[in-house]
Amino acid sequence: MWPLPGWWSPNERTKPTACRVRSACPGAVGGGGLPPLINPDGTRRTSVCSPEYAGDFCTDCAQNYFMDNGVCRSCGSDASAKAELTIVIFSLAAFICTIAWGLAMLSAKRVVLIVSTLVILQQMAMVSRVGLQELSDSDTSPVVGGIVRFAAIINFEIETVRPGCDIPAISFTGIYYGTLVLLLGSLVVFALAACAWRVIGRARKRSRDLVARSHLDLTTAASRELSSEWLTRARLIHAGLILGSLGYLQLAVRSLQAIHCIRSGDGKWRLSADLTLECYTGAHIPLAVIAWMIIVVFCGGFPLLGFVVAFRLSRRARAESIDREALMERVGVVIRGLRGSRLWFRTLQFGVSFAFAAETVLVREAGSRLLAAMLNFCLNIVLVAVLDPFLHLYHTVLANVIGLLSCGQILYFIHRENAHLFTIALAAVLSSLACTVGLAGWRFGRWQAGQGSNAVAPATDFDEAPQLIAELSTTVINLKPVDGESSSRDDVVDVDVDAVSDTLVTRTSGGLDAGESSPCSPCSRTEFRRAVARSARGSVSVAARVVASMVAERAETTTRAIPCVISWFFLRTTFSAVADSVSR
């Protein structure tokens, strides 16, 4: 038997096996621009690989080529290879250190905002890698390939270091174990950052802020639950949840690849990601055991943990008021941006991510794999439109924009593979977009109807600033001045300035009722001036809070604009690629 293009066999007597990358195997009938080759004994040579590939089943890369998601690509010049390796290593370190810096210095709300944006962008980066797998170096620009590999850094992708160029080639087993080591190292760094959060005093400051905002007595049990020790433990737990969210998609893909076996032409079960490795024998046994444990415990247990947290919080919400700011310190990555009645939506998102990972691994035919992935994104867009799970418009827009951009990328790759599937995919995207626009219009109509029946429009984030300014009329003063009085904040209470000034003037004029004891007896002008001075200091303090709040809002707006700029860049690249394909 002579293998056709896309198939490989060791000899004429063995049934051919489908190669992981079709272009790697030219076959024995003159495919891939190579003429049929004859062995010295007169038999047809069937173990033929394209120039970029080598080894049994064409699973290895030739010299000066590196493996990129199964595709062998040129390393380029030595100088460019070393420069790219340096950039990738520093970028990966900067990515991990940025999250660690956020855990050590920023509030949970800020850290969760960064992480939630990265989690959404991860799927888009994974789509680019899956689509690029169908393109050889001659079909794509080296710049595009470099951008896609650089974006894969946020997925903890080991292959971004281009093994086979400046570092030795790495087998699939080495890549899987290397991914686990990278994630465990990141966990250690995140845990140290969470501990540093307490060492540098951020935990103590956050504890005082939460206790003061909750109007709790420092001696109560509720305030002790917001102590710096509790917040440090909460941040350690939160660090683990953050790493689980960031590493979920990559671990799901790699673990499914580690157990996905196919029957080869010689009748043996071999690993689809590395056909030289026989399943459940030799080196694959420990690999399979670890992969199955991760799939069951982590890939299945992590979404279940999110569902349990959401269920418990929903029950508490019906029974008592929940301090969302305190919860953000512990499980913010699970409840980020979600309405109280939609906390379970995070579990649904992890389920969609796992389905996407399964589609990219288990579906072998390129067109069907891309179509399945695109339908997954369309489903996610429709779920966001129907359920409306997010509190803020930012999260809704970001989820829809990234979903549409991912669909745009997949449409481009499907168009190159199969015109019939492209029509089906385009119809699915347009249907999901129409559903989203229709539901958005319906909700906007309901909101307008509610606006017409209300005399006062609902306040926005920036409309709350006048409420803080109104607090200037309430200042912090001390009603019991004594000689050598201290300016400690432990003896201060909130008192209306006008009422205090009227009372002080009345009492200094001797206008007390008979038998009434003066709290500042004997009163004097000096005591009155002290009270007014404390009142002024309180006003300055409240004004500073107003300014700090407005600055924080502007900083958060700037942070939210960053993913929009990134999305615009990918949108422009996608449509440029589609236009280039249509013009050709």
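Residues numbered from 1 in each chain as written. Predicted model: local features only at pLDDT ≥ 70, side-chain atom pairs only at ≥ 80, totals over all residues. Heavy atoms only, no water.

Undergrad: Explain the pattern of salt bridges here, please?
TA: Between side chains of opposite charge, a pair can form when the charged atoms approach closely. Summed over all chains, the structure comprises 12 salt bridges. With its nearest N and O atoms 2.6 Å apart, the salt bridge here joins glutamate 157 to arginine 254. You can see glutamate 157 sitting in the loop between helix H3 (142–151) and helix H4 (172–199) and its partner arginine 254 sitting in helix H7 (residues 228–259), a full 97 residues away along the chain. On the basis of relative accessibility, which here comes to 4%, the residue glutamate 157 falls in the buried class. Each of the salt bridges in this network shares a partner with another, and the network as a whole consists of Asp68, Arg73, Glu84, Arg129, Arg149, Glu157, Glu159, Arg162 and Arg254. (Salt bridge = Lys/Arg side-chain N within 4 Å of Asp/Glu carboxyl O. Helix = DSSP H or I, 4+ residues; strand = E, 2+ residues; numbered from the N terminus. Buried < 20%, exposed > 50% of the residue type's maximum accessible area, 1.4 Å probe, protein only.)

Undergrad: Any chance you could explain the state of the cysteines here in plain terms?
TA: Disulfides are covalent bonds that connect the sulfur atoms of two cysteines. Overall, the coordinates contain 5 disulfides when judged by the stated rule. In this model cysteine 49 forms its disulfide with cysteine 58; the gap between the sulfur atoms is 2.0 Å. For the disulfide bridge between cysteine 49 and cysteine 58, the dihedral angle about the S-S bond is near -95 degrees, and by the sign convention the bridge is left-handed. Linked covalently through their sulfurs, cysteine 261 and cysteine 279 form a disulfide whose S-S length is 1.9 Å. Sign of the S-S torsion, about -110 degrees for the bond between cysteine 261 and cysteine 279, identifies this disulfide as left-handed. A residue pair is termed long-range when its members are at least 10 positions apart, and cysteine 261 in strand S7 (residues 261–263) and cysteine 279 in the loop between strand S9 (274–278) and helix H8 (284–299) qualify at 18 residues. In this structure, cysteine 261 and cysteine 279 share a single accessibility class: buried. (Disulfide = S-S within 2.5 Å.)

Undergrad: For this particular structure, what's the right way to read the side chain of histidine 238?
TA: Within the fold, histidine 238 resides in helix H7. On the accessibility criterion, histidine 238 (1% relative accessible area) is buried. Separated by 3.3 Å, the side chain of histidine 238 and the backbone nitrogen of glycine 332 make a polar contact. (Polar contact = N/O pair within 3.5 Å; in protein donor to acceptor, adjacent residues only side chain to side chain.)

These figures capture arrangement, not role.
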